[in-house]
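# Close look at the chain arrangement
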Amino acid sequence: MLNLFRTYINRRTLISVRNFYNSIIDPIFSVFSPKMNPNDSPEPEFDPRVPSVPVSYPIKTLEDLKLRTYFDSFHFQFNKASVPLRRSGVDGVSLPNRPRIMVCHDMAGGYTDDKWVQAGSNADAYSIWHWYLMDVFIYFSHSLVTLPPPGWVNAAHKHGVKVLGTFIVEWDEGKLIADQFLASTTVADMYAERLSELAVALGFDGWLINMEVSLDIEKIPIMKEFVSHLTQVMHSSVPGSLVIWYDSVTTEGQLNWQNQLNNYNKPFFDICDGIFTNYSWTEDYPKLSAAVAGDRKFDVYMGIDVFGRGTYGGGQWTANVALDVIKKDDVSAAIFAPGWVYETKQPPDFQTAQNRWWSLVEKSWGITQSYPKVLPFYSNFDRGNSYHFSIDGKSVSDAPWNNLSNQSFQPVLEFSGDTTTETIQASVDLKEASYSGGGNITFKGALEDGAYLKKRIFQGELHMGDSPVYFTYSVKSDGSSMIGLSLEFTNTINMENRTSVLLASSGDTLLTMNQFSSKFDSVIMPRHVKKTSSGWVIQESSVTMVGSTLTNIHAVCYKTQSKLTSSSEYYSILGHISIKSSPQNMSFPPASEWNVKSQNVNWKSGSVSLKIQWTLNSGVSPGFSKYNVYVENEEGKLVKSSNFLGVASVEAFYISDLLVPPGISSLKFIIQACGSGGASQELVDSPFLRLQVEGS
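Looking at an unreviewed UniProt entry, one finds the protein chain named mannosyl-glycoprotein endo-beta-N-acetylglucosaminidase, with Lactuca sativa as its source organism.

Okay, structure coming up:
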């Protein structure tokens, strides 16, 4: 019932409605709830200690938090983030000294499609790909301790965005919980340390503290100790970590949202890393908050509820109205529930609506993250969901899937909003072919011979050294459609001095030079071209730009000048981009240097479930970005079939109810390591585990 009014009511009304609703409904259900038929077999309760398909889940009780039961879970290892935060800022870990954007994800209570750590089956699952417009991401739910699923952490960290979990105490039961964890400063410190342990173990960057209850006034000093101690232990354990206070309970113990930074909440702000204000502020509140914050004004995050519940500007398609005011007054913004676009099924489709909504943020605020920044750099444009999966140009699965850990660096595509005026549309098309993973950039439209069009892909900050840098990209095109890469460089000493370089597609060198030599400062033909059996053309070029910084990468769409065709139709797919300091692929440890073992093997009629775990014999952390997992069905010495099972982000993979065909004597599980530069180990050299089929 409450969800029906979500768009129209504010926080205070929501709490009143919920309390009234529960006071009526709970007694009714206690009297009239149907008795369970003894022959019914309900779904067994989730027991995190029992081996099963890995999932993310929150901690719901103080007892579980206190006793560290999460660390005894079968799922613990699978929930560790595998991607470290990309370093940024002056010291590599601090937030930039400017207005920032914090995004708080709130969708259907959390842990929906994103809970499936190794992959779900919904190709249309919600995801975010506009990381270049934010600085901090919060994963939010209404459970006591919300632990961000590793897919969100991995995707955000890759783009330089910090990730916070949520500690929330709310409703009537929340008052009882608050009384327990604020029993004394010693108890409060213990719970703060438990939260810090979780963030460190799972690899995320801090906490949002949301106390949506009234507190007895004598609890306020203990509350302040909890916030202060959590901030201190987080900072000492994870440099650059954040503890953010939500504008709820005041220093007088009242649940009274201030919608600004003032004397009623500033004592909490003073002992942590920032405040996330409630949404019902008026136009002068950002300026007033900045004055109270002083030299910490960028640590004030003014809330914007995208659903529009009492928020300044109305949220939804006018959320940028609030952003404009916040930016003008030089404080930061906290965007709550951008999944509104997905949940309310905004037309015409999710991708278009999502791109349109975030384009409003970009126009108001500007781009906050830049990449590439360091080498190697690799993107296959994978969003973490698709209808197929490919490895090195070969399709290995046509099953729909979602897994945010697979998300690659996202292209910074511009959204025009008017496809009728665009001669060529560029988009990530989940149903078109992929060179790697499930991503691509598909270019469709019309283009005459001799014409060309540039489409922004990345906005970077890559400092070039004295040595060549090697660019590799894959293309699949129809007819005379061609794609090159336009590189824009800025002189490190004189920022006004810019150089444009075209990495042209393979073809007639003379025609290419005639077409583009007057359009770019330099035109470079590929040094190496390779064509795959599946139709991909892989092109490699090298560039030397001493004393320069690569600032922009555009795709250049053009056509070969040919008398054989007069069609203006243009169609081409960009499969991946790789930028490296060496033309050679990385080397991988041979199979003999790995220890692969099985655990929790469970045979059933015609199927098997098991956990596979692998480590280097040296004990050194492998440090690979991910692992592709395959199984070969063996009959004696013959391989009867080979199948792709999935992608592991940690050095473990759980296989559930794998069907074993009749006559198979053994199963060979192959672990293919993948480097951050896009290279993957040859299967024949990869570590493996051979498991004899029970009864064979």
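### Description of the nonpolar core
Membership of the largest hydrophobic core comes to 145 residues, with the highest contact counts inside it found for Phe167, Phe181, Trp207, Met211, Met223, Phe226 and Phe276. Aside from chain neighbours lying at most four places away, what touches Phe276 is Met102, Cys104, Ile138, Leu208, Ile244, Trp245, Tyr246, Asp247, Tyr301, Gly303, Ala334 and Phe336. Residues Trp614, Phe653, Ile671 and Val693 belong to the second largest nonpolar core, which totals 26 residues.

### Notes on the state of the cysteines
Overall, the coordinates contain zero disulfides when judged by the stated rule. Cys104 takes part in no disulfide bond, and the closest cysteine sulfur, belonging to Cys272, lies 15 Å away. On the accessibility criterion, Cys104 (1% relative accessible area) is buried.

### Focus on the pairing of strand 31 (residues 666-674)
On a regular strand, one side chain projects to one face of the sheet and the next to the other, so that they alternate. By the criterion of burial, strand 31 is predominantly enclosed, with nine of the nine residues buried. Relative to strand 31, strand 28 (residues 626-635) runs antiparallel, the two being bridged by nine bridges. By the bridge assignment for strand 31, Asn633 is matched with Leu667. Here strand 31 runs beside strand 32 (residues 688-692); their pairing, made up of five bridges, is antiparallel. Bridge pairing in strand 32 links Ile670 to Phe688.

### Considering the packing of helix 9 (residues 319-328) against helix 11 (residues 350-365)
Following both chains from N to C, one finds helix 9 and helix 11 inclined at 20°, their axes separated by 9 Å at the closest point. Compared by their axis directions, helix 9 and helix 11 come out roughly parallel. Between helix 9 and helix 11 the crossing geometry is right-handed. Side by side, helix 9 and helix 11 meet where Ala319, Asn320, Leu323, Asp324, Ile326 and Lys327 of the first sit next to Trp357, Leu360, Val361, Ser364 and Trp365 of the second.

### Things to note about the sheet that holds strand 24 (residues 548-559)
Strand order in the open sheet formed by five strands is 17-24-19-20-21, and the pairing between neighbours is mixed. Unpaired on one side and paired on the other, strand 17 (452-463) and strand 21 (522-524) mark the two borders of the sheet. Put simply, the sheet's adjacent strands are angled 20° from each other on average, direction ignored. In this structure, strand 19 (residues 481-491) lies alongside strand 24, joined through 11 bridges in antiparallel fashion. Directly across from Gly484, in strand 24, lies its bridge partner Val556. The sheet strands contacting helix 12 (residues 509-516) are strand 17, strand 20 (498-503), strand 21 and strand 24, and the helix crosses strand 24 at an angle near 110°.

### A few points about the environment of Phe520
Tracing the chain through its elements places Phe520 in the loop between helix 12 and strand 21. Given the relative accessible area of 6%, Phe520 is considered buried. Ignoring sequence-local partners within four residues, the contact set of Phe520 consists of Tyr452, Ser486, Ser500, Val501, Leu502 and Val556.

### Some words on the UniProt feature "domain: Cytosolic endo-beta-N-acetylglucosaminidase C-terminal" (unreviewed entry) in the protein chain
Those places that UniProt annotates as "domain: Cytosolic endo-beta-N-acetylglucosaminidase C-terminal" (unreviewed entry) correspond, in this numbering, to residues 587-694. With 0% helix and 59% strand, the stretch residues 587-694 has end C-alpha atoms that lie 36 Å from each other.

### Concerning the packing of aromatic side chains
Considering all chains together, one arrives at 45 aromatic pairs under this definition. Ring geometry for Tyr126 against Tyr342: centres 5.4 Å apart, planes inclined by 65°, an arrangement best described as edge-to-face. Note that Tyr126 is positioned in the loop between strand 1 (101-105) and strand 2 (136-139) and Tyr342 in helix 10 (residues 340-343), a separation of 216 residues in sequence. On the basis of relative accessibility, which here comes to 7%, the residue Tyr126 falls in the buried class.

### What about the side chain of Ser436?
Of note, Ser436 is situated in the loop between strand 15 (424-427) and strand 16 (441-446). For Ser436, a relative accessible area of 10% translates into the label buried. A polar contact of 3.2 Å, which involves the side chain of Ser436, links it to the side chain of Tyr378. Setting aside chain neighbours within four positions, we find Ser436 in contact with Tyr378, Asn380 and Ser390.

### Considerations on the environment of Leu255
Among the structural elements, Leu255 can be located in the loop between strand 6 (242-246) and helix 7 (266-269). Classification of Leu255 as buried rests on a relative accessible area of 18%. As a C-alpha pair, Leu255 and Leu215 span 40 residues in sequence and 7.8 Å in three-dimensional space.

Reading guide: rules and limits
Residues numbered from 1 in each chain as written. Predicted model: local features only at pLDDT ≥ 70, side-chain atom pairs only at ≥ 80, totals over all residues. Heavy atoms only, no water. Core = buried A, V, L, I, M, F, W, Y, C linked by side-chain atoms within 4.5 Å. Buried < 20%, exposed > 50% of the residue type's maximum accessible area, 1.4 Å probe, protein only. Contact = heavy atoms within 4.5 Å. Disulfide = S-S within 2.5 Å. Helix = DSSP H or I, 4+ residues; strand = E, 2+ residues; numbered from the N terminus. Pairing = 2+ DSSP bridges. Axes fitted to C-alpha atoms, helices over the stretch in contact; angles between N-to-C directions. Parallel < 35°, antiparallel > 145°, perpendicular 65-115°, else oblique. Left-handed = near helix turned anticlockwise from the far one by under 90°. UniProt positions renumbered as here; feature names shortened; annotations may be inferred. Phe/Tyr/Trp six-rings, centres within 6.5 Å; stacked < 30°, edge-to-face > 60°. Polar contact = N/O pair within 3.5 Å; in protein donor to acceptor, adjacent residues only side chain to side chain.

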